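The residues making up each chain are set out below.
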Amino acid sequence: MNPLTRRAALQAAAAAAAAGAIAPIATAQPAAERPLFGAELRTLPNGLRVAFVEARRAPVVAQYAYVSAGGAEDPPGRSGVAHFLEHMLFKGSPRVPSGEFSRRVAREGGNDNAFTSRDVTGYFQHVEAGRFDLIAMMEADRFAGALIPEAELESERRVILEERAQRTGSSPRALFYESYQAAMWGPQHWGGRPIIGWEEEIRAITHADLLDFFRARYAAGNAVLVVTGALEREAFWRIVQSEWGALPAGPAVPRDRAPVPTVAPTPRYNRNDARLRGEASFVRSWFAPSATAGESRHGDPLEVLRHVLGGGTGSRLHRALVEAGLAVAAGASYDSDVASWTDFDITATPRRDVPLAQLEEAATAVVKRLLDDGGPTEAEVARSIRQMTAGALLALDGLGAAPRMIGNALAIGLSIESVEFWPQRLRAVTRDQVAEAAVAVLGRSGGASGWLLPEGVAAPAEIGL
């Protein structure tokens, strides 16, 4: 499962609202004047940050525990350690035998899982509210002393290799984008290594590698706990202090990441795949700052720019490529909720009868025209902000929305206010700020472009801005 940033959650909710899939939530207080979730945040004496969101619409509770370390923190030559360790944390702790964690949750009628991203590792459970004491005990127990038994290492390695084969090896598109990221950032750069790991490096991970990562990163001060549900506030804090407060104190661990490349090691990457039965795919990418790195002031304007360029029907790419009959799909992607630099991408899937060079030229022209015109129009910016914030209140509906959005933000170094008051801040973005961000990112060199193609189809020559 992938982590849910506030951008992804709110944008998905906005899309659903625009499609009429979800009715708006009635509220007496304007969204501009109140936080999204109203979370209470405390830091325990051992350094653990804990956020609580009381929600009584159903007698259930969701617990999400985050470690501020993901695939980008893997040691050199050992890509996949953070993800491998995520698997091994289900192999027992002092009070919970191997494999028993998920069985106990299931016996309570709940569900649990875990995920690793480039920035964080997360573990979660959804259960009936009266069993919060159980999941608090079990999760705190493995954070404090996961056993990571060496006897179960090889069987889990086989599981992970099979997971890689199914999710990446069996998919032409997944293989292309994995290789494309490695071409843009470098195969051993934290931005170019796959989160699950390169196959040969997964095979090389040792028991000592896992123990070292656990001891170095799974510290109270390097973790975040977010819980939402039908719990009485004082009872919640008593349980948290009893179970999670017992974790040994430990500081936050700095992320030691290499700087963003000045120029992509392989600025043009094309791949042919005989298994490809669908259309070709085009992508162009630029290195971009985020809310935590580089010119972070560009983060919100870049979110608006993403929507202006590729935010579905009405966006510039959709009008120029899809509505013009050149592509079956076109879009843009960017998320500032990351722990370092990231990338800003545009993508397009040409119609089968459209020359590839024509599609690339048209997509490139959309970006060039925006830069030549001095940025988007006031109307485009207003439309994008309106659509992006339309689903803000809808994000309150899902039980897991608050802990995933808040947990991810806190774990990458953002404040809780960055989640609670995101719609208000986005509404303050101006056209001039979007134009400046466009020049700063799309107007600079150093990114990459590429094609995924069926066997025997030649890629066109690169078309520059």
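Residues numbered from 1 in each chain as written. Predicted model: local features only at pLDDT ≥ 70, side-chain atom pairs only at ≥ 80, totals over all residues. Heavy atoms only, no water.

**A few points about the nonpolar core**
Generally speaking, soluble globular proteins have nonpolar side chains that are buried together. By size, the foremost hydrophobic cluster in this structure holds 54 residues, and its most contacted members are Phe132, Phe143, Leu210, Tyr218, Phe236, Val240 and Trp244. No other element matches the 8 residues that helix H4 (residues 132–145) contributes to this core. Not counting residues within four places of it along the chain, the set of residues in contact with Phe132 comprises Val61, Gln63, Val227, Leu231, Phe236, Ile239 and Val240. With 41 residues, the next largest nonpolar core counts Ala280, Leu317, Leu370 and Ala437 among its residues. (Core = buried A, V, L, I, M, F, W, Y, C linked by side-chain atoms within 4.5 Å. Buried < 20%, exposed > 50% of the residue type's maximum accessible area, 1.4 Å probe, protein only. Helix = DSSP H or I, 4+ residues; strand = E, 2+ residues; numbered from the N terminus. Contact = heavy atoms within 4.5 Å.)

**So, the packing of aromatic side chains**
This structure, assessed with the given rule, holds 21 aromatic pairs. Ring centres 5.0 Å apart and planes at 75° place the aromatic pair Phe176 and Tyr177 in the edge-to-face group. Of the residues examined, Tyr177 reaches a relative accessible area of 31% and is grouped as partly exposed. An aromatic cluster is defined as three or more aromatic residues linked by ring pairs; in this entry it consists of Phe90, Phe101, Tyr123, Phe143, Phe214, Tyr218 and Trp244. If you follow Arg404 out to its NZ or CZ, it ends over the ring of Phe115, 5.7 Å from the centre. (Phe/Tyr/Trp six-rings, centres within 6.5 Å; stacked < 30°, edge-to-face > 60°. Lys NZ or Arg CZ within 6 Å of the ring centre and 35° of its normal.)

**Brief notes about the pattern of salt bridges**
Scanning all chains against the criterion turns up 32 salt bridges. Residue Glu100 pairs with Arg103 through a salt bridge whose shortest N-O separation is 3.2 Å. Of the two residues, Glu100 and Arg103 are both situated in helix H3 (residues 100–107); the distance of 3 residues between them amounts to about one turn of the helix. Under the relative-accessibility criterion, Arg103 is labelled partly exposed at 43%. Note that Arg157 is salt-bridged to Glu154, the shortest N-O span being 2.9 Å. Remark: Glu154 and Arg157 occur in helix H5 (residues 153–169); sequence separation between them is 3 residues, near one turn of the helix. Each of the salt bridges in this network shares a partner with another, and the network as a whole consists of Glu40, Arg42, Glu54, Arg56 and Arg233. (Salt bridge = Lys/Arg side-chain N within 4 Å of Asp/Glu carboxyl O.)

**Some details on the packing of H3 against H4**
Contact geometry of H3 with H4 gives a least axis separation of 11 Å together with a crossing angle of 170°. The angle between H3 and H4 places the two elements in the roughly antiparallel class. Every residue of H4 that contacts H3 at Phe101, Arg104 and Val105 is listed here: Leu134, Ile135, Met137, Met138, Glu139 and Arg142. Taken together, the residues that form the contact of H3 with H4 break down as 6 nonpolar, no polar and 3 charged. (Axes fitted to C-alpha atoms, helices over the stretch in contact; angles between N-to-C directions. Parallel < 35°, antiparallel > 145°, perpendicular 65-115°, else oblique. Nonpolar A, V, L, I, M, F, W, Y, C, P; charged D, E, K, R; others polar.)

Keep in mind these numbers describe shape, not what the thing actually does.
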